[in-house]
Amino acid sequence: MASCVAVIGKENSPLYIACITPEQELGFHYSLHTSLDFIEEKLSSTNKGNDHRDLYLGLLYSTEHQRIFGYVTNTKIKFVIIVNVDATNTNLRDNETRQMFRKLHVAYTNVMSNPFYTPSTRINSNKFAAVANSILAKQS
Amino acid sequence: AFNLQLLDWTGFSLDKNINSRLRTNIERCELSLLDLRNYLFSRQGGILISMGKGDQVSKRCLNFLHNTLQELNIMEMECAEGSKEIWVCLCALEVLNNTKGNNLHTAALWSFLREKLLVLGKLCGLTPGHKPDSSQLHLVVSLFGGLKDERYLKLENNQQNPAERLKEALSSQHSFEKNYLDIAETAISNYKHIGRIRSARLIGIELAEFYLDADQVQQAIAFLADSLKTFQFEGWETLSMRTLLDLAKCYKLINESEKYLRTCVQIASCPGASLQDREFYFREICKKLDEHPAGSKIIASADDTVQVLSATQIKERLDETTVPGCKIKFTLELHSNLPVDIECSSIEVSVVQSLPEPERKVSTVLEDRRASRRGVNRSPSVASSNASVFSLAEEEDESEESGRDPGKPHMQERLEYKQDKSLYAARLVCRNATKVLKRKDSSGTILKDGQLKPADYCNALTASNVTLYPGLNKVELHGKAGVQGIYTLSQIRVCWRQLSLLENLGVPAPTFTVAREEPVILLNKGDTELLAGKSNKLSLSIYCGSENIEAGLEISVTCGRGLTARNAHDSEYSNTITVKFPAGSPFETISVEIWVLCLLENKKDANSIEYTVKISDPWRQNTMDISLNFMPALYSTFNLLTAMSKKFLQLKVHCLDQKLSYRISNVSLGLVNEEKLPELKLESMNDDYSELVISKQFEGAFLWQLVSSLSFSGSTSDSSGNKKVPDQPAVVMLTLTYTPEDGSEPEREFRSTFQFQDYRTLYTIFAKVEPAKGNEFCRASTLCPMKIEVEQLYPDPHSSLFYEILADQTQWAVCGKQGAVIDIQQSVKENIVVDVMPLTGGHLPLPTVRLSKYIPAEGRGGGLGSARLDPFSIGQVYNMSRTQQIHVLPPANQGQEFLSLP
């Protein structure tokens, strides 16, 4: 379903990036980096006033071939999922993306619970990778 | 015809009239999918514009374009190559022409337009470095064929409608380039305007590629460098890696060798790059360095190449203080990211003095205590919890912080009380929060390009000829401490061939403190006792501490009364001397010998004498008092001895010197107050030695007889006591000269005076126990008469005497009066007989007879109880029978076995 899953740290450096097609990795990196623009925009506009914002930011932006969704935890960890727009999944339900992000968040929390993991370093966990891969591979 | 081949790719127009033309087409059912979409969107756009929501149009347009393209895909419509791109470009241009200024969504639309235009350019062979071939020219013509000019309004003032502009853009390579760059720049500036820097950078990357194809390397470098900054700043390794590789190619192309070198260093040490790349660029570095002139210096950032993990000062001892001029050692843990070992000619760390060490004063201790007590601020009311009070307090204490390590948080407890003085809140406050939490300089990466300035390396910690291996390295750095203060390690410089890799050390930077050690003045006496009356060698030394002491430093030594001193080269002793010191380097001890002589006068015991020496301290601007204890070299003692009526003066001279013997000579004793006591004379009983050697073990003893010309025999006739007995105290003085036996010292004189009184024997006592009548021996348990004879030798105003017989009660039983008053006035001699009984046999000491002056109580007669007894002084009564013993036989009626003999 998703073609790229990424975790970006609170200082905007990538912590984890996985994508379906390794040959397109560079392109995904660019897309992910660009998505930070939109995340920052959304955060600065929604943060005013209400403390309890939805962690799920929804669609950040879309290009001809991709839709990029974002999710930001309270500790400013960003999850970004890129979905390729093609004939197979034009209608991705909002619920489904939320579901994916929730799974990712739980997995990330588990990584953080590991006392041997230093926060804001690259995530090197098999379990986390398994969850990310399940999101990537899941075809509807 | 709805989903047939796409023949017409004209974009929509936001003009009403043209739209209505489309509408008639629709009514006539002569329409394509694209026509319908165009019509719907242009209607929508028209309404939005008339509602004044023009900015919504560009937002919806982007979605509309995406969706329609998707739709064409899904419906698998046959489209000519490039036709969809033409349509997108036309639509985008139409909207952008009709929106004023820029809003959030125009940037994305510009970017989309740019993207599609580039695709078209590539299709038609219009991009730089290509030449359109005939098929591509043909493609342009056929693409223009599906574009209907009549659906666009002719614009006034030479403005181009979308169709005209697109046609112009695709007309030639040159105009494509011009239009493409124009659109791309607009997209970038629009992105920058709305703050989407990263999106702008992404376009910049593509633009750089374009420029590179157009051989405009400088332009490409500008865009790449910008993007690199953004990527590196946020730690996107893959992206920065790619950009670095591109940059390296650019620099190589235009032969910017220094920048190329720097980029190569970055690539070679980037863990994100492949090993091949890293090794390749490492070889490139070596090649470039070979080309460079040997003496030149190239500065590069070491941020990623050589990382400083830690810097620790090594101290021999834990409490070692670093003082000015002393050696400093640091261990540096470095992580080299280069793929190959490098031989560094030197590794240096520059040192910056951050704070001068506060002057150590005598009062510092006091001030410190006050400061720490001030730590707890007790605010009287709740109202003080507002921030202004805190800031005020912080400023107030700013001055106190000067002595602290600036890198460490300075936490303080703060208690707050309500008005009723109950605790309201307790908090911990970081007083130097602004300093500790100072934002790290994020611009560090931006400075990477040669702008990193080398720090001052003249006082640096250095290590030379170090090989840095890939991975962890430990390097020992050496340096020399400067003046006192707190120093911060600021920057590291790794010199490898012509390259100087610089890196500013992060916050908190390691620091070290250089403290000053004050010189200390010491006065040493060596391991022997100081002796009064003899010169003693002392050594006055200065432990230089951290100071360099110049030759000729003068220190004055002032002695207290009775003490004199001299320099080793002088011969005269004086009270104050000035001692000159030779030069001394730090941590050395320089010493000068001085001699002190302590007066020895009238010393009669072995107690030491304390003297104070004042030494000026040029560093503390004061004087220090040192007390010295002197043992007397010699002392004398005096004894008045009596033998019947004769009196003798015994004087002993003792020596306390452990080592030396002393030669004493010219011993004489004289009466000091002769004129008052004309009848007294001293007669020496001493052999005529010229000198006597005394030492610790052998004292010298001398004897004089005190001869009184006043004799009792001459005054017997006048017993009434007309002649007054002089009882003036006599004062004698012993003088002698002494010198150590080894002759090391000149002869010195020793004097001591003694005073004595009661130097006449007034009475003699003779006591005797006789056997009972008819017996040859005394026998225990039998009464024996004890005869006591008291004789007056000199007239004494106290003629009323009291005698007592004191006996050991286990040995003697005194029968009869144990004591009685006798009046010696009637006769010069008085005989007393008392019966005593020995209790045991053996040699028994005689009972003691004690004679005292009897002073009857005045006014009241009678009774011994009210009278007073005054003892005579020693020597006034001479007891001839003292310590005499008598042989007593055991009692007669007892068996032989009880006989006890001592």
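Parameters and conventions
Residues numbered from 1 in each chain as written. Chains lettered and ligands numbered in written order. Predicted model: local features only at pLDDT ≥ 70, side-chain atom pairs only at ≥ 80, totals over all residues. Heavy atoms only, no water. Helix = DSSP H or I, 4+ residues; strand = E, 2+ residues; numbered from the N terminus. Buried < 20%, exposed > 50% of the residue type's maximum accessible area, 1.4 Å probe, protein only. Contact = heavy atoms within 4.5 Å. Areas by Shrake-Rupley, 256 points an atom, 1.4 Å probe, with all protein chains shown as cover. Polar contact = N/O pair within 3.5 Å; in protein donor to acceptor, adjacent residues only side chain to side chain. Pairing = 2+ DSSP bridges. Axes fitted to C-alpha atoms, helices over the stretch in contact; angles between N-to-C directions. Expected span 1.5 Å × (residues − 1). Salt bridge = Lys/Arg side-chain N within 4 Å of Asp/Glu carboxyl O. Phe/Tyr/Trp six-rings, centres within 6.5 Å; stacked < 30°, edge-to-face > 60°. Lys NZ or Arg CZ within 6 Å of the ring centre and 35° of its normal. Disulfide = S-S within 2.5 Å. Parallel < 35°, antiparallel > 145°, perpendicular 65-115°, else oblique. Nonpolar A, V, L, I, M, F, W, Y, C, P; charged D, E, K, R; others polar.

Here we look at the overall build of chain B
Working step 1: When helices and strands are tallied, chain B shows 16 helices and 41 strands.
Working step 2: Expressed as a percentage of the 902 residues in chain B, the buried residues total 44%.
Working step 3: Sequence-distant contacts, at least 24 apart, represent 71% of the contacts inside chain B between residues at least 6 apart.
Working step 4: Accessible surface, chain B: about 47,000 Å² in total, of which carbon and sulfur atoms supply 50%.

Concerning the overall build of chain A
Working step 1: In terms of helices and strands, chain A carries 3 helices and 5 strands.
Working step 2: Secondary structure elements of chain A, listed N to C terminal, follow the sequence β-β-α-β-β-β-α-α.
Working step 3: Looking at chain A as a whole, 51% of its 140 residues qualify as buried.
Working step 4: Of the contacts made within chain A by residues no fewer than 6 positions apart, 55% connect residues no fewer than 24 positions apart.
Working step 5: Within the structure as shown, chain A displays about 7,000 Å² of accessible surface, and the carbon and sulfur contribution to it stands at 51%.

A look at the environment of A:Y61
All names here are of chain A.
Working step 1: Its location among the elements puts Y61 in strand β3 (residues 56–62).
Working step 2: A relative accessible area of 13% places Y61 in the buried class.
Working step 3: Those residues in contact with Y61 that sit more than four places away from it in its chain are S31, T34, S35, F38, Q66, R67 and I68.
Working step 4: Within the local environment of Y61, its side chain forms a polar contact with the backbone oxygen of S31, the two atoms lying 3.0 Å apart.

Considerations on the sheet that holds strand β36 (residues 829–838) of chain B
Residue and element names in this part refer to chain B.
Working step 1: What the 5 strands build is an open sheet, ordered β34-β36-β32-β30-β40; its pairing is mixed. Two strands close off the open sheet at either side, each with one partner strand: β34 (812–815) and β40 (877–879). Across the sheet, the axes of successive neighbouring strands diverge by a mean angle of 30°, strand direction being ignored.
Working step 2: Pairing of strand β32 (residues 784–792) with β36, which is carried by 8 bridges, proceeds in the antiparallel orientation. Counterpart to E789 in the pairing with β36 is N831.

Structural notes on the sheet that holds strand β15 (residues 535–543) of chain B
Residues and elements named next belong to chain B.
Working step 1: The antiparallel open sheet is built from 4 strands, whose spatial order is β13-β15-β19-β17. Whereas interior strands pair on both sides, the edge strands pair on one side only; in this sheet they are β13 (520–524) and β17 (563–567). Neighbouring strand axes in the sheet, compared pairwise and without regard to direction, differ in orientation by 30° on average.
Working step 2: When β17 meets strand β19 (residues 589–598), the two strands line up antiparallel, connected through 5 bridges. Looking at the pairing, R566 lines up with W595 of β19.

Notes on helix α9 (residues 197–213) of chain B
Working step 1: In this model α9(B) runs 24 Å from its N-terminal to its C-terminal C-alpha over 17 residues, within 8% of the 24 Å that 1.5 Å per residue would give.
Working step 2: Every buried residue of α9(B) is accounted for by B:R198, B:S199, B:A200, B:R201, B:I203, B:G204, B:I205, B:L207, B:A208, B:F210 and B:Y211.
Working step 3: Tucked inside the fold, the buried residues of α9(B) contact α1 (25–46) of chain A together with α5 (106–123), α8 (173–193), α10 (217–233) and α11 (237–253) of chain B.
Working step 4: A positive phi of about 65° marks B:D215, the residue just after α9(B).

Considerations on the environment of A:E25
Residue and element names in this part refer to chain A.
Working step 1: Its place among the elements puts E25 in helix α1.
Working step 2: Residue E25 is classed as partly exposed on the basis of its relative accessible area, which comes to 30%.
Working step 3: Between the C-alpha atoms of E25 and C4, which are 21 residues apart in sequence, the distance is 8.7 Å.

Re the interface of chain B and chain A
Working step 1: Facing the 24 residues of chain B at the interface are 24 residues of chain A.
Working step 2: For the interface between chain B and chain A, the tally reads 4 salt bridges.
Working step 3: Two residues, B:K116 and A:E64, come together in a salt bridge whose shortest N-O distance is 2.3 Å.
Working step 4: Applying the counting rule to chain B against chain A returns 11 residue pairs in polar contact (both at pLDDT 80 or more).
Working step 5: Those elements that provide at least two residues to the side of chain B that touches chain A are α3 (54–74), α5, α9, α10 and α11 of chain B.

Structural notes on unusual backbone geometry
Working step 1: Even without glycine at this site, A:N12 takes up a positive phi of about 70°.
Working step 2: Tracing the sequence through the fold places A:N12 in the loop between β1 (4–8) and β2 (14–19).
Working step 3: In this structure A:N12 comes out as buried when scored by relative accessible area, which is 6%.
Working step 4: A positive phi angle, near 50°, is found at B:M644, a position not held by glycine.
Working step 5: Position of B:M644 relative to the elements: it lies in the loop between β22 (634–643) and β23 (646–655).

Some points on the packing of aromatic side chains
All names here are of chain B.
Working step 1: Counted under the stated rule, the structure contains 27 aromatic pairs over all chains.
Working step 2: Judged by centre distance (5.0 Å) and plane angle (85°), the ring pair of F280 and Y281 falls under edge-to-face.
Working step 3: Judged by its relative accessible area of 35%, F280 falls in the partly exposed class.
Working step 4: In this structure Y281 comes out as buried when scored by relative accessible area, which is 7%.
Working step 5: Relative to F756, the ring of F638 has its centre 5.2 Å away and its plane inclined at 25°; by these criteria the two rings are stacked. With F638 in strand β22 and F756 in strand β29 (residues 748–756), this pair connects stretches of sequence that are 118 residues apart. The burial state of F638 is the same as that of F756; both residues are buried.
Working step 6: Sitting over the face of the ring of F144, K167 holds its NZ or CZ atom 5.8 Å from the ring centroid.
Working step 7: Positioned over the ring face of Y457 is R493, at 4.1 Å from the centre of the ring.

Section: the state of the cysteines
Residue and element names in this part refer to chain A.
Working step 1: Taken as a whole and judged by the stated rule, the model has 0 disulfides over all chains.
Working step 2: Unpaired in this structure, C4 has its nearest cysteine sulfur neighbour in C19, at a distance of 5.2 Å.
Working step 3: Its relative accessible area of 0% is what places C4 among the buried residues.

Comments concerning the pairing of strand β35 (residues 819–823) of chain B
Residues and elements named next belong to chain B.
Working step 1: Here β35 shows a clear split, with A820 and I822 buried on one side and none of G819, V821 and D823 buried on the other.
Working step 2: Relative to β35, strand β33 (residues 800–806) runs antiparallel, the two sharing 5 bridges. Looking at β35, one finds that F802 is bridged to V821.

With respect to the packing of α1(A) against α9(B)
Working step 1: Viewed as axis vectors pointing N to C, α1(A) and α9(B) meet at an angle of 150°, and their least axial separation amounts to 7 Å. Put simply, α1(A) runs roughly antiparallel to α9(B). Together, A:Y30, A:H33, A:T34, A:L36, A:D37, A:F38 and A:E40 of α1(A) and B:I197, B:R198, B:S199, B:L202 and B:I205 of α9(B) make up the contact between the two elements.
Working step 2: Of the residues contributing to the contact of α1(A) with α9(B), the split by class is 6 nonpolar, 3 polar and 3 charged.

Keep in mind that these numbers describe shape and distance, not what the molecule does.
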